[in-house]
Amino acid sequence: MRFTAEQLDRIRPLWHAMLSHPFLQRTRDGEIPDETFANWMQQDYLFVEAAIPFMAALLPKGPERHREPLIAAIGALQKELGLFEERAADVGVDLRAAPPAFTCHAYIQFLMATAYQRSYAEAYTVLYAAEKAYHDSWKVVKEGLDERSPWYPFVENWAGEDFAAYVAYLEGELNELAAAAGAEEQGRMAELFELTTKYEIAFWEMALGGADWPGVPASPRARGRGEEG
Ligand code: MP5
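Every value quoted in this text rests on a predicted model; they were computed, and no experiment measured them.

S.K.: Is there a simple way to explain the site of the ligand in this structure?
M.R.: Taken together, 13 residues lie around the ligand, and Asp44, Leu77, Glu80, Glu131 and Glu200 are the ones closest in. Within the side chain of Glu80, one N or O atom sits 2.3 Å away from an oxygen atom of the ligand. Contacts to the ligand include Tyr134, whose side-chain N or O atom sits 3.3 Å from a nitrogen atom. The protein chains hide 98% of the 350 Å² of surface that the ligand would expose on its own. The set of elements that each furnish at least two residues to the shell around the ligand consists of α4 (34–58), α5 (67–91), α7 (120–142) and α10 (183–209).

Pasting the structure below:
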């Protein structure tokens, strides 16, 4: 069995926990409150912004054949920020109203630490797991969300054919990297695969439960929907 199939098999209960998360199910069923979805949008906008330097940090570490695809992926992220901005403007959400939540902050730190401190194959594992997680997660939402929903463009972005092809490409490349890695490095890649999945679950949990830091009183600004007080 190839690396990605082996990992998905190994962490199946976790992957299932991610895909059956109430945030996804309620979004799929059109039951997610606007403020809750806005919370996710604000936090994921910050995450995508941070994913650009993460990808850029992978560039000098990777093989030359990965340059063009990584540059294209960075371009796609920049376009994705535009999608957030367009959706947010449409529904009156201020994407800059909330600071990074604890989980978003931690996930971003994890991305950057992985890019700078780990091998290319290890960092690429995190890239693949995060992209695959979003592809699979938004496919769950696609199963039920009304195409006229203001959130449907996010479904089209991550559950669409272009993103599916990108994830399939990453999968093939990651399996090549894993085949060339020694047993110890493969073990570290497996650990990072699992950790990334846990961060993904934590991110949905944060999106659903609010973006306040433990011990810090909720700030009215953080709600970011223009209702002061
Ligand atoms: C992605 C994302 C997908 N936007 N947010 C989280 C928490 N995980 C994964 O990455 P991208 O870079 O938007 O395709």
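S.K.: Sorry, what's going on with the pattern of salt bridges here?
M.R.: Opposite charge on two side chains makes pairing possible when the charged atoms of those side chains draw close. Summed over the entire model, instances satisfying the criterion amount to 14 salt bridges. Measuring nitrogen to oxygen at the nearest pair gives 2.8 Å for the salt bridge that ties Asp29 to Arg28. Overall, Asp29 belongs to the partly exposed group, its relative accessible area being 41%. One salt bridge in this structure joins Glu122 and Arg118, with 2.7 Å as the shortest N-O distance.

S.K.: When you look at the packing of aromatic side chains in this model, what are you seeing that I'm missing?
M.R.: Within a pair of aromatic rings, the relevant descriptors are the distance that separates the centres and the angle that separates the planes. In total, this model carries 33 aromatic pairs according to the counting rule given. Their ring planes at 35 degrees and their centres at 5.6 Å tell us that Trp40 and Phe84 sit as a pair that is tilted. With Trp40 in helix α4 and Phe84 in helix α5, this residue pair connects regions lying 44 residues apart in the sequence. Neither Trp40 nor Phe84 differs from the other in exposure class; each is buried. Ring geometry for Tyr107 against Phe203: centres 6.3 Å apart, planes inclined by 70 degrees, an arrangement best described as edge-to-face. Taken as a pair, Tyr107 in helix α6 (residues 102–117) and Phe203 in helix α10 lie far apart in primary sequence, 96 residues in all. Given a relative accessible area of 2%, Phe203 falls into the buried group.

Conventions and cut-offs
- Residues numbered from 1 in each chain as written.
- Predicted model: local features only at pLDDT ≥ 70, side-chain atom pairs only at ≥ 80, totals over all residues.
- Heavy atoms only, no water.
- Near = heavy atom within 4 Å.
- Polar contact = N/O pair within 3.5 Å; in protein donor to acceptor, adjacent residues only side chain to side chain.
- Areas by Shrake-Rupley, 256 points an atom, 1.4 Å probe, with all protein chains shown as cover.
- Helix = DSSP H or I, 4+ residues; strand = E, 2+ residues; numbered from the N terminus.
- Salt bridge = Lys/Arg side-chain N within 4 Å of Asp/Glu carboxyl O.
- Buried < 20%, exposed > 50% of the residue type's maximum accessible area, 1.4 Å probe, protein only.
- Phe/Tyr/Trp six-rings, centres within 6.5 Å; stacked < 30°, edge-to-face > 60°.

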